[in-house]
There are 2 protein chains.
Amino acid sequence: MELTKDSYSIGEVAKLFNLSVPTLRYYDQEGLIPGLKKDSTGKRIFNLQNIDAVQMIECLKEVKMPLKDIKRFMKWNMEGDSTLDKRLTLFNNLDKQVSEQIKQLSIILKVINYKQRYYQQAIEDGTEKYVSQNKTLLNEIMKS
Amino acid sequence: MELTKDSYSIGEVAKLFNLSVPTLRYYDQEGLIPGLKKDSTGKRIFNLQNIDAVQMIECLKEVKMPLKDIKRFMKWNMEGDSTLDKRLTLFNNLDKQVSEQIKQLSIILKVINYKQRYYQQAIEDGTEKYVSQNKTLLNEIMKS
DNA sequence: CATTGACCTAAAGTTAACTTTAGGTCATAT
DNA sequence: ATATGACCTAAAGTTAACTTTAGGTCAATG
């Protein structure tokens, strides 16, 4: 993502992040983009900080943080130095949680790879009768 | 998870997977646990295959697959060899998608680590005034 | 000068994934 | 024999995260 200008319209931001315009309005309404300004005619103007906020929202959504928690974090941001410790704690927890998520996904990826081999073999055989049915997925997972 | 018996009650399965009993009933109702039987009094009896299905549901939920897609996959399972290619394709796609998810999460983890350092420094300084404000998150992310 | 396109608000509607409620069956423990 | 705990169904309710609708402003274009 190349940011050449220093302010963007809602439609431009929507395209940048592959979000709908109403979704961005909804985020603004919910207080997820603090400090977002409007011009004299009422149009939203996204500056680089606002775009950064949207980027952060996308990150936090990706790691399954609910919007209300994202909102709380954005509020802390606006409240200044008094919330520094809360924000550090938040990211310390996120660190653990996301590391755990990555581990989980790696295990799941192994399960997926097992299934790929299973179905490849079954297709070769023309049937899944002959591929190991007795082993449970659980066992495969535990072999991580 | 140690499976010692070869059949389990809904309550036991709920505990195994940290799901609520109504959630399991809901999954059954939605056709996500094909072949789940009931005893003479109407109680659900989960055999190892059913537990395997629940395990698979949990995996697929983790990688953000909607229940209706999970249901479709479970249906393919019941339809036998005629759906082998569909199922292989499914897992081939999942492979790509989950690999991508892991990459994304690794980038996000870096962002989180950056934020941890940022707030640690800010707390040391007593304020975030002095820590680099000019760099956008975007830049940090792109440095992956 | 009218129409098109990008924006706006407020409010209602939608969907997925559950959860809750209300009422009932059974086996077991007191 | 009654009360407790684990199960059952059917149906209604909830919540999050959007999306859609209806109606309106404003600048540029044919």
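Before reading further, recall that the structure is shown in the block above.
Summary of the structure given here. Keep in mind it's a predicted model, so treat the numbers as computed, not measured.

Examining the environment of B:Met1
Residue and element names in this part refer to chain B.
Move 1: Inspection of the secondary structure puts Met1 in the segment before strand S1 (7–8).
Move 2: Taking the C-beta count within 10 Å as the criterion, Met1 has 9 such neighbours and is therefore assigned exposed.
Move 3: For the pair formed by Met1 and Leu16, sequence separation is 15 residues and the distance between their alpha carbons is 7.3 Å.

Details of the pairing of strand S3 (residues 44–47) of chain A
Residues and elements named next belong to chain A.
Move 1: Sheet topology note: the strand S1 (residues 7–8)/S3 ladder contains two bridges and is antiparallel. Bridging from a neighbouring strand, Tyr8 pairs with Phe46 of S3.
Move 2: As defined by bridge partners, strand S2 (residues 37–38) adjoins S3 across two bridges and the pair is classed as antiparallel. Pairing of Lys38 across the sheet is with Arg44, part of S3.

Comments concerning the protein's contact with DNA strand C
Move 1: Taken together, 17 residues lie near DNA strand C, and A:Ser9, A:Gly11, A:Arg44, B:Pro22 and B:Leu67 sit nearest.
Move 2: Listed by contribution, the elements that provide at least two residues to the surface near DNA strand C are helix H1 (10–17) and helix H2 (21–29) of chain A together with helix H2 (21–29) and helix H4 (67–79) of chain B.
Move 3: A per-element tally of the surface near DNA strand C places H2(B) first, with three residues.
Move 4: Tallied by class, residues from the surface near DNA strand C come to six nonpolar, six polar and five charged.

Remarks on the environment of B:Asp6
Residue and element names in this part refer to chain B.
Move 1: As for its placement among the helices and strands, Asp6 is situated in the segment before S1.
Move 2: For Asp6, a count of 9 C-beta atoms within 10 Å translates into the label exposed.
Move 3: Remark: the alpha-carbon pair of Asp6 and Ile107, spanning 101 residues in sequence, is separated by 42 Å.
Move 4: Asp6 has contacts with Asn47 and Leu48, leaving out every residue within four places of it along the chain.

Focus on unusual backbone geometry
All names here are of chain A.
Move 1: A positive phi angle is found at Asn18, which is not glycine, with a value near 55°.
Move 2: Looking at where Asn18 falls in the secondary structure, it is placed in the loop between H1 and H2.
Move 3: One non-glycine residue, Lys64, lies in positive phi territory at about 70°.
Move 4: Mapped onto the elements of the fold, Lys64 is located in the loop between helix H3 (48–62) and helix H4 (67–79).
Move 5: For Lys64, a count of 12 C-beta atoms within 10 Å puts it in the exposed group.

Focus: the sheet that holds S1(B)
Move 1: Strand order in the open sheet made by the three strands is S1-S3-S2 (chain B), with antiparallel pairing throughout. Every other strand in the sheet has two partners, leaving S1 and strand S2 (37–38) of chain B as the edge strands with one partner each.

About the thresholds
- Residues numbered from 1 in each chain as written.
- Chains lettered and ligands numbered in written order.
- Predicted model: local features only at pLDDT ≥ 70, side-chain atom pairs only at ≥ 80, totals over all residues.
- Helix = DSSP H or I, 4+ residues; strand = E, 2+ residues; numbered from the N terminus.
- Buried ≥ 20, exposed ≤ 12 C-beta atoms within 10 Å, placed from the backbone.
- Pairing = 2+ DSSP bridges.
- Near = placed C-beta within 6 Å.
- Nonpolar A, V, L, I, M, F, W, Y, C, P; charged D, E, K, R; others polar.
- Contact = placed C-beta atoms within 7 Å.

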